[in-house]
Structures are given as C-alpha cells and as structure tokens.
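# Coordinate inspection notes
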Amino acid sequence: FQGRECGAVEVRFTHTDGHYALEVCDDGVGIPDGVDTGSSLGMRLVHGLAAQLGGTISYFNQEPGGACFRLTFQVAGRPAEAEPATTVAHSDGA
C-alpha cells in the first residue's frame with residue numbers, strides 16, 4: 001500500500017458449476033508489468049497448492065487499482081449442485 005498508512009484486502013471463496021474459487025484481492029498498486037510472479041517462495045507455494053488440487057492459479061490487476069489472485073479447483077466427490085459458500089473478510093488497518 002505504497003504511500004498510504006493502510007489498505008484493504010478482500011478474500012472470497014465461491015462455488016459455481018462444480019468448481020471452487022479462492023480469490024484474494026487488494027487495493028494496492030497492482031502487479032507491475034514484467035514482474036516474475038512464479039519465482040517468489042509464496043508464489044511457488046501457491047502454484048504447488050494449485051497443482052495438488054488439480055487446479056489453476058490466475059492473477060490480474062483490477063480497476064481502479066490493486067491485484068487479484070484466483071485459485072480455481074474442483075473437489076472430487078462433491079456434488080456440483082451444492083450451495084455456494086461465500087466468505088468475505090476485509091482488513092482496513094483498523
């Protein structure tokens with residue numbers, strides 16, 4: 001949260017059409033162009049988790065600012081018609 005004392009982080013977990021998605025977004029400066037998002041220890045762990053779950057990891061910048069990372073996967077043995085589970089957590093520095 002460059003140049004600010006605090007920022008917001010939002011965590012969402014959803015279920016749609018038999019797939020689950022864990023999304024973590026913030027309102028910071030976003031992901032700089034050309035950054036290697038696979039070389040840090042944290043991103044190697046995230047990619048490893050995605051591989052263990054048979055899922056995918058994606059990331060993007062959002063408007064008006066901030067970055068989002070999304071882990072999408074399917075859970076074997078879970079019915080596709082299950083009710084969506086959503087948890088949202090906000091941190092505003094308070």
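Note: the structure precedes this text.
The following paragraphs examine the structure supplied in this document. Model, not experiment: these values are computed from the prediction. (Residues numbered from 1 in each chain as written. Predicted model: local features only at pLDDT ≥ 70, side-chain atom pairs only at ≥ 80, totals over all residues. Heavy atoms only, no water.)

Looking now at the layout of surface pockets. When its volume is computed, the largest pocket comes out at roughly 150 Å³. Lining of the largest pocket is provided by Leu22, Val24, Met43, Val46, Leu49, Ile57, Phe69, Arg70 and Leu71. Residue assignment for the lining of the largest pocket shows that the elements contributing at least two residues are β2 (19–26), α1 (41–53) and β4 (67–73). Partitioning the lining of the largest pocket into residue classes produces 8 nonpolar, no polar and 1 charged. (1 Å grid on protein atoms, 1.4 Å probe; cavity = no way out; pocket = protein on both sides within 12 Å on 5 of 7 lines; lining within 4 Å. Points joined across faces, edges and corners; volume = space filled by probe spheres on them. Helix = DSSP H or I, 4+ residues; strand = E, 2+ residues; numbered from the N terminus. Nonpolar A, V, L, I, M, F, W, Y, C, P; charged D, E, K, R; others polar.)

With the rule as written, the count across this model stands at 1 disulfide. One disulfide in the model links Cys25 with Cys68; its S-S distance is 2.1 Å. On the S-S bond that ties Cys25 to Cys68, the torsion sits near 115°, and the link is right-handed. Note that Cys25 is positioned in strand β2 and Cys68 in strand β4, a separation of 43 residues in sequence. As far as burial versus exposure is concerned, Cys25 and Cys68 are alike and both buried. (Disulfide = S-S within 2.5 Å. Buried < 20%, exposed > 50% of the residue type's maximum accessible area, 1.4 Å probe, protein only.)

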